[in-house]
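Single-letter residue listing:
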There are 2 protein chains.
Amino acid sequence: MLITSVAFEQLPIRLKDEGTSLKEIEKILQSIVRYSVKTSSPHFHNQLYGAVDEYGIAGAWLTEALNTSQYTYEVAPVFTLLEREVIERSLELIGFPKVPEGDGIFCPGGSMSNMYGMVLARYAVKPDVKTKGLFGIQPLACFTSEAGHYSITKGAHWLGLGTESIYQVKTDEWGRMDPQELKKAIAKSRENGRLPFFVNATAGTTVLGSFDPLPEISAICKAEGLWLHVDMCLGGTLLLSRKYRTRLEGIALTNSVAWNPHKTLGAPFQCSLFLVKGKDILHKANSAGATYLFQQDKFYDVSWDTGDKSVQCGRKVDAAKFWLMWKARGSKGFESLINKAMETAEYFFNKIKNRKGFRLVLPKFEGNVVCFWYIPPSMRGLEETEEWKKKLHTIAPKIKEKMILDGSIMIGYTPLGFKSYGNFLRMVVTCQPPASHSAMNFAIEQIEKFGADL
Amino acid sequence: MLITSVAFEQLPIRLKDEGTSLKEIEKILQSIVRYSVKTSSPHFHNQLYGAVDEYGIAGAWLTEALNTSQYTYEVAPVFTLLEREVIERSLELIGFPKVPEGDGIFCPGGSMSNMYGMVLARYAVKPDVKTKGLFGIQPLACFTSEAGHYSITKGAHWLGLGTESIYQVKTDEWGRMDPQELKKAIAKSRENGRLPFFVNATAGTTVLGSFDPLPEISAICKAEGLWLHVDMCLGGTLLLSRKYRTRLEGIALTNSVAWNPHKTLGAPFQCSLFLVKGKDILHKANSAGATYLFQQDKFYDVSWDTGDKSVQCGRKVDAAKFWLMWKARGSKGFESLINKAMETAEYFFNKIKNRKGFRLVLPKFEGNVVCFWYIPPSMRGLEETEEWKKKLHTIAPKIKEKMILDGSIMIGYTPLGFKSYGNFLRMVVTCQPPASHSAMNFAIEQIEKFGADL
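All values reported here derive from a predicted model rather than from experimental measurement.

Caption draft 1: Focus on the interface of chain B and chain A. Listed by partner, the interface residues are 137 residues for chain B and 137 residues for chain A. Regarding the contact of chain B and chain A, the summed buried area is about 12,000 Å², with carbon and sulfur atoms giving 63% of it. Its largest share of buried area at the contact with chain A, chain B owes to Leu15, Phe135 and Trp158 of chain B, together 8% of the area lost on that side. One can count ten salt bridges joining chain B with chain A. Joining chain B to chain A, the criterion identifies 78 residue pairs in polar contact (both at pLDDT 80 or more).

Here it is as structure tokens:
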């Protein structure tokens, strides 16, 4: 059984005053495994992540055993060097300048990495906000596409900008930010008395996996004097492939990026990088100079202490596991896994393109996320009325329910505002376990099986 | 060798196009261990954390292997239940109401947990800030003691309040917030045209480990209508001990708390809880309702999906490791480890109290952090002039340097504004490995050895 709904009563969840015997603990561990979702299965396509890389987990386990915090060189000498190396190579990959002209930090997830982008953009335009706050200044405006991730919304709330400061830029038929619409939105924000300061472009949107046109967006940002951040949490991994990195053309022209190797690439959860162009800005924007931790009279070069660049204090070591994966596989090893995932996704795309009952959301292959409606036999060849569409909206959740109860496979579903048929299935292909045609064939079979009598 | 400075050239840090053989990887892993700081040593007293709990690491390794995100029940069914149980028991420990009248979430570290407190306090007083931002509203004011953690400062910056919105309340001679000074600071903020909204009290201050008087502070907050958050990242663990939980008297009277089981208790890094009183506020304040992830038409009870309470999207599973520790040891097992750590710290305190060359920063035993100056033989019995104090300020860093180069022990040092002798040593006693008198004796011997000829 791959996946099962948890039988609450079968797990002795309650914590008590008394402890538990080792024998009992062993049984509990087995139950946890039994009732947990097997993300390592070749048939887990439910999220943008999947199985964990085998070197990644070795690095993660070692990190856990060495239990320390990434804030000072003093307590994390090796991890500090490994983090620096990953940052250097990632800056190079993007085409950003090296440290200290470029910089970066590991963050607890992509939402936090995107928030770093917003905070640095705000610091660049209004450094006094750090001390004086947003009270009494001209309201600011941020821009992201309607397909952009909701972390920008959450960030706008937390950072005190308010969700109304976000202008959702319209996308084209491919789900990409429309540069002309961005221009219009910027003009509109000025009309509304706001000061535009931050544009979030997306390289690999969450639902469709689309890539915003960075050269055009960058030109607009330069002309308007805006900070351009790229949420490449999903798509950044393609930079490692010579064949697919053109999807991110123009990435070097931007100010900052967020990248999640814990998605497609299979780094163990959490593994997210924020990377930025500009000397010292990461430190200047975030530093508080805590004297108990970042003593300046230590006997070593304290510029190796990275903690004051962070909004966190204690910071989990997320660098070592990714470093180990990269070291073991080399950039070329990553490239071949990525190419395989992409080619497998394209195989799936081509296989369902003209297949009865399948209808693609985007008619062109874009990335490792393939979205499609499944139209069960009973609904085929009928006029596609509003009622028909309403029924189609319920099909994906029903197929999903059958998948989960059967325990054989998991594929996600979602609605999307700009396409009118409601809920569709979203197939995600990742690098781990290495993607295969047989897994794609199995997915199609299962969908047809579960959808047959709907 | 316990600790060594890393020889950069001895580690093949550089990442390349080509991969690395398994044999080479094995050597690298050994080097990482060799050159890393051994936080699991009984002689690591350098931070507020130490060795990792053995059940904790089992839980951490299992979590890594099952590689998933805590955002939905769908992909983390067991982990969702374990997180809920830890939250329920933690609410009970504090004396907060149960779910749904109380709530909580695991966060990536105490700074983030404290920021949750600030965000919820802001939402409670000015819910419109979520949509409209801080522009044009009356400037807000936060309060924390001068011994409070710097995360409040970083939070004020990120959240758009500005660091000037923080009123640092004076402490008494024990490093505890002075309630009369809090009253004065609140009045002053009003005079300055600010709206007070948030008080951060500390249960276990970062440097001295002092406990703010919660009943008095709570009474002031109630009278003034302010949100009272308690940074009990360090001290919250004492709630598990019947003997020491009185240190946190009044904790149930507060609105929210941050607690880090990854400190004294030995949960693997990162393990931090934010807990709050009040139905739905955690969800209401943070929700963005992303339709692609938190579908409301799933076939199970979607109130189990916790992700929309979070500012993060993907969220590392931090609950399972702590749940397993608690399950295996029971609350009583924790209690005896905590009592042992506290009694050992008191043994250390008593041992150096009247010992030649040692001078305590606080003359009364408070918690598992004991701060003291070491006066080397050459400086004893002299008039304590400004020059003498200036020299004493350099002693702790020199002893620390010797410790690190020797590799036998690590104890931190820090200056503190309100005591005039500058840098002192800060001994931290944690639960893992279980605290022992012999480790304390060893620490005293080493300090005397390294300080002998200074």
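Caption draft 2: Representation of the environment of Tyr413 of chain B within the structure. Positionally, Tyr413 of chain B belongs in strand S11 (residues 410–414). Setting aside residues no more than four positions away along its own chain, Tyr413 of chain B makes contact with Tyr292, Gln295, Asp297 and Lys298 of chain A together with Ala396, Pro397, Lys400, Asn423, Phe424, Leu425 and Arg426 of chain B. A polar side-chain atom of Tyr413 of chain B sits 2.6 Å from a polar atom in the side chain of Asp297 of chain A.

Caption draft 3: Expanded view of the sheet that holds strand S9 (residues 358–360) of chain A. Residues and elements named next belong to chain A. Spatially, five strands are ordered S1-S11-S12-S10-S9 in an open sheet, and the strand pairing comes out mixed. The sheet is open, and its two edges are formed by strand S1 (44–45) and S9, each paired on a single side. The sheet contact formed by strand S11 (residues 410–414) and strand S12 (residues 424–428) spans three bridges and is antiparallel. Its bridge partner being in S12, Tyr413 is matched across the sheet by Leu425.

Caption draft 4: Expanded view of the environment of Lys400 of chain A. Residues and elements named next belong to chain A. Looking at where Lys400 falls in the secondary structure, it is placed in helix H11 (residues 386–406). Classification of Lys400 by relative accessible area gives buried; the value is 3%. C-alpha of Lys400 to C-alpha of Leu282: the two residues are 118 residues apart in sequence and 43 Å apart in space.

Caption draft 5: Examining the pattern of salt bridges more closely. Under the counting rule described, the total for this entry stands at 46 salt bridges over all chains. For the salt bridge of Glu335 of chain B with Arg242 of chain B, the shortest nitrogen-to-oxygen distance reads 2.5 Å. Of this pair, Glu335 of chain B sits in helix H10 (residues 319–353) while Arg242 of chain B sits in the loop between strand S6 (227–231) and strand S7 (256–259); the two residues are 93 residues apart in sequence, bridging distant segments of the chain. Looking at Arg242 of chain B, the relative accessible area reads 62%, which means it is exposed. Here the residues in one salt-bridge network are Arg14 of chain A together with Glu85, Arg89 and Glu92 of chain B, joined through shared partners.

Caption draft 6: Focus on the sheet that holds strand S5 (residues 195–202) of chain A. All names here are of chain A. Read across the sheet, seven strands follow the order S2-S8-S7-S6-S5-S3-S4 without closing on themselves; strand pairing throughout is mixed. With partners counted over all chains shown, the strands left at the sheet margins are strand S2 (102–107) and strand S4 (166–169), one partner each. Shown here is a sheet whose adjacent strand axes are inclined to one another by a mean of 20 degrees, direction ignored. In the sheet, strand S3 (residues 140–145) pairs with S4 via four bridges, with the strands oriented parallel. In the strand pairing of S4, Cys142 is matched with Ile166.

Caption draft 7: Region of interest: the relation of the copies chain B and chain A. Note on the copies: chain B fits chain A at an RMSD of 0.0 Å, the axial shift is 0.0 Å, and the rotation between them is 180 degrees. Both copies of the chain, as the preceding transformation shows, are related through a two-fold rotation axis. Among all residues of chain B, the one whose C-alpha sits closest to the rotation axis is Leu159 of chain B, at a distance of 2.0 Å. When the interface residues of chain B are mapped onto chain A, 100% of them are again interface residues, pointing to one common binding face.

Caption draft 8: Here's a closer look at unusual backbone geometry. Here the bond from Gln432 of chain A into Pro433 of chain A is cis, since omega is -10 degrees, no more than 30 degrees from zero. Within the secondary structure, Pro433 of chain A sits in the loop between S12 and helix H12 (437–451). Residue Gln270 of chain B is reached from Phe269 of chain B by a cis peptide bond, and omega for that bond is -10 degrees. Summarising the element assignment, Gln270 of chain B is placed in the loop between S7 and strand S8 (272–277). In this model, Asp280 of chain A sits at a positive phi of 70 degrees, which is unusual for a non-glycine residue. Within the fold, Asp280 of chain A resides in the loop between strand S8 (272–277) and helix H9 (281–286). For Asp280 of chain A, a relative accessible area of 37% puts it in the partly exposed group.

Caption draft 9: Just helix H2 (residues 54–65) of chain B, in detail. Compared with the 16 Å implied by 1.5 Å per residue over twelve residues, the 17 Å span of H2 of chain B between its first and last C-alpha is a close match. Listed as buried for H2 of chain B are Tyr55, Gly56, Ile57, Gly59, Ala60, Leu62, Thr63 and Glu64 of chain B. Contacts made by the buried residues of H2 of chain B are with helix H1 (22–35) and helix H2 (54–65) of chain A together with helix H3 (77–94) and H10 of chain B. Taking the backbone nitrogen of Tyr55 of chain B as reference, a side-chain oxygen 2.8 Å away marks Asp53 of chain B as the first, capping residue of H2 of chain B.

Conventions we followed
Residues numbered from 1 in each chain as written. Chains lettered and ligands numbered in written order. Predicted model: local features only at pLDDT ≥ 70, side-chain atom pairs only at ≥ 80, totals over all residues. Heavy atoms only, no water. Contact = heavy atoms within 4.5 Å. Buried area = accessible area lost by both parts, 1.4 Å probe. Salt bridge = Lys/Arg side-chain N within 4 Å of Asp/Glu carboxyl O. Polar contact = N/O pair within 3.5 Å; in protein donor to acceptor, adjacent residues only side chain to side chain. Helix = DSSP H or I, 4+ residues; strand = E, 2+ residues; numbered from the N terminus. Pairing = 2+ DSSP bridges. Buried < 20%, exposed > 50% of the residue type's maximum accessible area, 1.4 Å probe, protein only. Axes fitted to C-alpha atoms, helices over the stretch in contact; angles between N-to-C directions. Least-squares fit on C-alpha atoms with pLDDT ≥ 70 in both. Expected span 1.5 Å × (residues − 1).

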